[in-house]
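Results of the structural survey
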Amino acid sequence: MPGADKEADLTERIEAFLADLKRGGCGTGPIRGSGETARETTALLRKVTAQARWSSAGDLMEIIRKEGRRMTAAQPSETTVGNMVLRVLKIIREEYARSRGSSEETDQQESLHKLLTSGGLSEENFRQHFVHLKANVIEAINELLTELEGTTDNIAMQALEHIHSNEVIMTVGRSRTVEAFLKDAARKRKFHVIVAECAPFCQGHEMATNLSKASIETTVIADAAIFAVMSRVNKVIIGTQTVLANGGLRAVNGTHTVALAARHHSTPLIVCAPMFKLSPQVLYGQFLRPHGLVFALTCTILSKVNVHCPVFDYVPPELITLFISNIGGNAPSYIYRLMSELYHPEDHDL
Amino acid sequence: MLQIYTSGATSGSFRGGKQKKGNVTSEQEEEEQPLQAVLVADSFNRRFFPISKDQPRALLPLGNVAMIDYTLEFLTSTGVQETFVFCCWMSNKIKDHLLKSKWCRPTSPNVVHIITSDLYRSLGDVLRDVDAKNLVRNDFILVYGDVVSNIDVSQALQEHRHRRKVDKNISVMTMVFKESSPGHKTRCEEDDVIVAMDSKSKRVLHYQKTQGLKKLQFPMNIFQHGSDEFEIRHDLLDCHISICSPQVAELFTDNFDYQTRNDFVRGILVNEEILGNQIHLYVTQDGYGARVSNLQMYDSVSLDMVRRWVYPLTPEANFTDQQGQGCTHSRHNVYRGAEVSLGHGSQMEENVLIGRDTSIGANCHISNSVIGNNCTIGDNVVLDRAHMWNNVHVSSNVEIHQSVVCDGAVVKEAVRLNKQCVLAYNVVIGPNLSLPEGTVVSMHHPEEEEEDDDDEFLSDDQEVGHSKDKTRQKAFNPAEVGPEGKGYIWKASMNDTEDEELAQCLWGLVLNPDPESDSESEASEESQDRTFQLEVLGTLQRGLEENIVCDNLVLEINSLKYAYNITLKEVMQILTRVVLEYPFQQQGTQLTTLQYTGSLLPLLKTWSPVFKNYIKRAQDHLDCLSAVEELFLEQDTHQTAMVKVLMKMYQLEILEEEAILKWFSTGATNDKSRQLRKNQGVMRRMSLWRKESEEDESSEEGECGR
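As the structure is a computational prediction, the values presented were derived from the model and not from experiment. (Residues numbered from 1 in each chain as written. Chains lettered and ligands numbered in written order. Predicted model: local features only at pLDDT ≥ 70, side-chain atom pairs only at ≥ 80, totals over all residues. Heavy atoms only, no water.)

1. Things to note about the overall build of chain B
Across its full length, chain B holds 21 helices and 36 strands. When each of the 706 residues of chain B is scored for burial, the buried share is 55%. (Helix = DSSP H or I, 4+ residues; strand = E, 2+ residues; numbered from the N terminus. Buried < 20%, exposed > 50% of the residue type's maximum accessible area, 1.4 Å probe, protein only.)

Put into structure tokens, the structure is as follows:
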């Protein structure tokens, strides 16, 4: 029976993806950038849409939500997965509304009146069956995929607007987006990049190697030297793991140091973050996440030592000057707006 | 996907199937063959007794997840596609567990085959069976079911394959080691190894377990072997992960005496020149790999897991995909499962893992502990390094330090478990009791264990039936387990006949590096010397009682010498010692010097022919004298007797004058012996002796006459 075959194939794909996610972030699994994860998630959700059994948009959303919950639970630190699930849910809502004939655009506008009256028009409205819904949703997801593929290029294209000749730029750790951004600017301008190494994993070293290969003048500094060097820096350009709903960042450890130093010296801090990194989560206060660490400590009193290795810093929105996403530059205060455009408010908790 | 084979009945048809499959695969490229692994879900020792009496070791929970799941996850994440799980002890339980787990779901990327047999007695048996059934077609990974690791062995695998391609299958095994300096907590002292290896080719030249020795010996030939760079490393932790080529199974078949991997490694190294097989090693710096070989290791691995050293195999990852196993991770490595309730004022200090549906009372203090599912803990409880499994009930005012509390155990009011206690399944302890350090309590009576000691590999149900009958017969001792307690105390030192290496010791051997015995060989020799000494004593005793002629005594001692492989020099020294100690042996140590000499001198006379038989060359005389000296250094109250003894020996012509003089002038090796000589006033007597000896000589000459 081809249907059963398809479903078995689908569950197998999902299981494999989940296992990969769980093993991600350490040496044993394939290490991927978040862009790749986002693409894979979307492709998988497209497969779910195409192969799972559903008759109405409500069913489909239920299925996607269920799988989405499992995927986000598999690797909580990788927020892109959840973001993509939300994006797909939003797509389904839009397509459903379009098939029904009403335009979702009006719903976009939030108003006090709408907040008061809403709540009634939820799931049961998605029970109607449309023949073309599946094709339309898949089409829309395909568009999303194309958008995802172009994000890095879109961001890199804006590089010349921000980087000028003979500037000194600081970055921290390794970010593929920032790397592409700097390389793009280097085609036309000459500038100097200072990379903080980001111990103990020292991703900064790799970043510096890649940049110098593209014949950009590059210097690696220790994390402790960030403040000392900051006075020479014209601009700080960093990547991030997640952009939070309040405009704050969850970024690699050491970013907060850089941001504070930049603020002290009034150096502009620019964050290169593609749209898929926007997450509806809000975090309060210091976000510290002691993560697993594969760290060779040669120490005989190791049994009495507790080793913590936080992987992410929370950077409050006040310290950030500008976000550069694939759709242009935005101030941190505008992030909530982008968020409501990207995701449907009812989906925020999966 | 799951296939179950039982050895014997199905093996014929099974092999047929495999061959067919083999043909298909041979058509494909070699590279595309799936990576296989052999997982031995049995330890073949009894380190975890009596816990492992109810549950096989591979299923014991570590961080609320069965140990075998860690091993399978490790294998799967390194890309193993086919795993053969070999079980023996309580194979049904392991089978049930695996059938329920995610490994047997059809979507699992790692196909698990379970092979059970009650006949496996060692790793050797398993690998011989692997060979007999022709299970492996290519290089495979060999692990035990209690290995916890996140090491990426694909690099090691690549190196192994490369070596095999280049060197035409000379390398048969690559052992995976992790770098960790001595003193590291996860270094199991029993498994402490010292490895000599070729730095370039990573070839193992020498492999030895240190076993707490201070002095080690390396065969010279390893240094003369062509290569110019060597490393001798003691900073390696054996992860018990090895990458084997199919030849390994064949070699185990060829050498039926190989029982463990250790035997195998030694055998290969010894026979390297004959068979041309080599063993290599792979050293990783990051990654974590350890085998839970005893409770000490269990304790440290469990803590390491909670401290996230085994990332991504952390508790909150829920890699087994079980419903409801998930937990949250917060600061200071505190993990909480679903529905955990924590009383007012209770503190979870750090490194704490609490399973689902567990409730904890007020004012508790918990640190470095793992608590299983469905436990209840009362008020004012202190837990430090406690490992509690599922359904444990702990009443108020209990203190538990570094102990293991198994499923269903009940700890009543005001009980204190000191370090390294073990409460096995369903034991009840207390109230108002303090268990001393290292107490092991089990529902199984130790004696019942002794009775069916030999059939360790009985099937479960039979065993359980037995034990139930017996538990009813024997009453619990309230002094040991408390007024309401249920369980029997197990003595750690019980069953000393079973294994020389203290297989019973749950918490692992405490190897106190013994300054006296410097090396393994010496240690064993010492014990040999000891038995030889006792034998000689016995012989002499008998000789005295039954009036045996001295020639026959010599004959007997000579045969003993060959039996124990003792050198002539040692024979002489031991003989001297035995004779000199003889009065002590017979009449107790509190003899006065006078009594001592009185009983010794006749003995010397009786046995002088025996002495003369052994003391012939000048060197022998000196050796004998040093033995005499040594003994009197020990018995310092009787030092004055020494002169008399020496004199007698001289008179009996056991010792020669020159030898005594020479010994006296040169022999002073340390302060104490110098002191001895001074006290003796030997100098003073020396002149006396001379005179006497001259007289003797003249009289002797007169006697001999001719």
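This is not the end of the story, as more comes after the structure.
2. Concerning the side chain of Gln241(A)
All names here are of chain A. Within the fold, Gln-241 resides in the loop between β4 (235-238) and β5 (242-243). Of the residues examined, Gln-241 reaches a relative accessible area of 16% and is grouped as buried. At 3.0 Å, the side chain of Gln-241 and the side chain of Thr-242 are in polar contact. Excluding residues that lie within four positions of it along the chain, Gln-241 makes contacts with Ser-77, Glu-78, Thr-79, Arg-250, Ala-251, Lys-277 and Phe-312. (Polar contact = N/O pair within 3.5 Å; in protein donor to acceptor, adjacent residues only side chain to side chain. Contact = heavy atoms within 4.5 Å.)

3. Some details on the packing of helix α7 (residues 133-157) of chain A against helix α9 (residues 176-186) of chain A
Residues and elements named next belong to chain A. Look at α7 against α9: their axes get within 8 Å of each other, and the N-to-C directions meet at 45°. In terms of their interaxial angle, α7 and α9 are classed as oblique. α9 is crossed by α7, and the crossing has right-handed handedness. Judged by residue contacts, Thr-152, Ile-155, Ala-156 and Met-157 of α7 engage Arg-176, Thr-177, Ala-180, Phe-181 and Asp-184 from α9. In terms of residue class, the contact of α7 with α9 is built from five nonpolar, two polar and two charged. (Axes fitted to C-alpha atoms, helices over the stretch in contact; angles between N-to-C directions. Parallel < 35°, antiparallel > 145°, perpendicular 65-115°, else oblique. Left-handed = near helix turned anticlockwise from the far one by under 90°. Nonpolar A, V, L, I, M, F, W, Y, C, P; charged D, E, K, R; others polar.)

4. Concerning the sheet that holds β4(A)
Residues and elements named next belong to chain A. With mixed pairing, seven strands are arranged side by side in an open sheet as β3-β2-β1-β4-β7-β11-β12. Every other strand in the sheet has two partners, leaving β3 (217-221) and β12 (328-330) as the edge strands with one partner each. In this sheet, neighbouring strand axes are inclined to one another by 25° on average, regardless of whether the strands run parallel or antiparallel. One ladder, built from five bridges, connects strand β1 (residues 168-172) with strand β2 (residues 192-196); its direction is parallel. Each residue of the ladder has a partner; that of Met-170, found in β2, is Ile-194. (Pairing = 2+ DSSP bridges.)

5. Section: the sheet that holds strand β20 (residues 352-354) of chain B
Residues and elements named next belong to chain B. Spatial ordering of the open sheet is given by β16-β17-β20-β23-β26-β29-β32-β35-β36, a layout of nine strands whose pairing is mixed. Of all strands in the sheet, those with a lone pairing partner are β16 (327-330) and β36 (488-490), marking the two edges. Relative to strand β23 (residues 370-371), β20 runs parallel, the two sharing two bridges. Within the sheet, the bridge partner assigned to Ile-354 lies in β23 and is Ile-371.

6. Side note on the packing of aromatic side chains
Residue and element names in this part refer to chain B. The full count for this structure, using the stated rule, is eight aromatic pairs over all chains. An angle of 65° between the planes, with centres 5.8 Å apart, marks the rings of Phe-86 and Tyr-120 as edge-to-face. You can see Phe-86 sitting in strand β5 (residues 82-87) and its partner Tyr-120 sitting in the loop between β6 (111-116) and α4 (123-133), a full 34 residues away along the chain. Of the two residues, Phe-86 and Tyr-120, neither departs from the other in class, the shared state being buried. Measuring from centroid to centroid gives 5.2 Å for Phe-476 and Tyr-488, while their planes differ by 40°, and the two rings are tilted. You can see Phe-476 sitting in the loop between α11 (460-473) and α12 (478-481) and its partner Tyr-488 sitting in strand β36, a full twelve residues away along the chain. (Phe/Tyr/Trp six-rings, centres within 6.5 Å; stacked < 30°, edge-to-face > 60°.)

7. Some points on helix α3 (residues 57-74) of chain A
Helix length check: α3(A) (18 residues) gives 25 Å between terminal C-alpha atoms against 26 Å at 1.5 Å per residue, within 8%. If you check which residues of α3(A) are buried, you get Ala57(A), Gly58(A), Leu60(A), Met61(A), Ile64(A), Arg65(A), Glu67(A), Gly68(A), Met71(A) and Ala74(A). (Expected span 1.5 Å × (residues − 1).)

8. Notes on a nonpolar patch on the surface
Together, Met220(B), Phe223(B) and Ile232(B) give the surface a local cluster of nonpolar side chains, amounting to about 280 Å² of exposed area. On the secondary structure map, Phe223(B) appears in the loop between β11 (204-209) and β12 (230-233). (Patch = residues over 30% accessible without salt bridge, like charges linked within 9 Å, V, L, I, M, F, W, Y side chains within 5 Å. Areas by Shrake-Rupley, 256 points an atom, 1.4 Å probe, with all protein chains shown as cover. Salt bridge = Lys/Arg side-chain N within 4 Å of Asp/Glu carboxyl O.)

9. Some remarks on the pattern of salt bridges
Tallied over the full model, the rule gives 27 salt bridges over all chains. Between Lys66(A) and Glu67(A) there is a salt bridge, with the nearest N and O atoms lying 3.8 Å from each other. Among the residues examined, Lys66(A) registers a relative accessible area of 48% and is labelled partly exposed. Look at Glu67(A) and you get buried, because its relative accessible area is 9%. Its salt-bridge partner being Arg416(B), residue Glu399(B) comes within 2.6 Å of it at the nearest N-O pair. Note that Glu399(B) is positioned in strand β28 (residues 399-401) and Arg416(B) in strand β31 (residues 415-417), a separation of 17 residues in sequence. Classification of Arg416(B) by relative accessible area gives partly exposed; the value is 32%.

10. Points about the side chain of Gln55(B)
Residue and element names in this part refer to chain B. In this fold, Gln-55 is placed in the loop between β2 (36-40) and β3 (61-62). Within the local environment of Gln-55, its side chain forms a polar contact with the side chain of Lys-93, the two groups lying 3.2 Å apart. In contact with Gln-55, not counting residues within four places along its chain, are Leu-60, Met-90, Lys-93 and Tyr-425.

11. Concerning unusual backbone geometry
All names here are of chain B. Residue Pro-431 follows Gly-430 across a cis peptide bond; omega there is 0°. Inspection of the secondary structure assignment puts Pro-431 in the loop between β33 (428-429) and β34 (433-435). The phi dihedral of Phe-44 falls on the positive side, at around 60°, and the residue is not glycine. Residue placement: Phe-44 occurs in the loop between β2 and β3. You will see that Asn-397, though not glycine, has its phi angle at about 55°, which is positive.

12. Digging into the confidence of the model for chain A
Taken residue by residue, chain A gives an average pLDDT of 82. The fraction at 70 or more is 83%. Ignoring residues within four places in sequence, the model shows residues 284-301 of chain A, a span with pLDDT below 50, making 49 contacts including any to other chains. (pLDDT = per-residue confidence, 0-100.)

13. Points about the environment of Arg250(A)
Relative to the helices and strands, Arg250(A) resides in strand β6 (residues 249-252). For the pair formed by Arg250(A) and Val315(A), sequence separation is 65 residues and the distance between their alpha carbons is 6.4 Å.

14. Overview of the pairing of β1(A)
Residues and elements named next belong to chain A. Where burial is concerned, most of β1 is hidden: five out of the five residues are buried. Handedness of the β-α-β unit built from β1, α9 and β2 comes out right-handed. Where β1 meets β4, two bridges bridge the pair, whose relative direction is parallel. Following the sheet pairing, Ile-169 is matched in β4 by Lys-235. (Right-handed = clockwise from strand over helix to strand, strands pointing away.)

15. Structural notes on the pairing of strand β11 (residues 322-325) of chain A
Residue and element names in this part refer to chain A. Bridge analysis of strand β7 (residues 269-272) against β11 gives three bridges, and the strand direction is parallel. Bridge pairing in β11 links Val-271 to Phe-323. Bridge count for β11 against β12 is three bridges, and the pairing is antiparallel. From the neighbouring strand, Ile-324 faces β12, where its bridge partner is Gly-329. Linkage of β11 to β12, two consecutive antiparallel strands, is achieved through a turn of two residues.

16. Here's the deal with the confidence of the model for chain B
Residues and elements named next belong to chain B. Put simply, chain B has an average pLDDT of 77, and 80% of its residues get 70 or more. Contacts from residues 1-30, a stretch scored under 50 in pLDDT, to residues over four places away or in other chains number 33 contacts. Scored below 50 in pLDDT, residues 697-706 makes three contacts in the model with residues more than four places away or belonging to other chains. Quick note on the complex model: pTM equals 0.72, ipTM equals 0.79.

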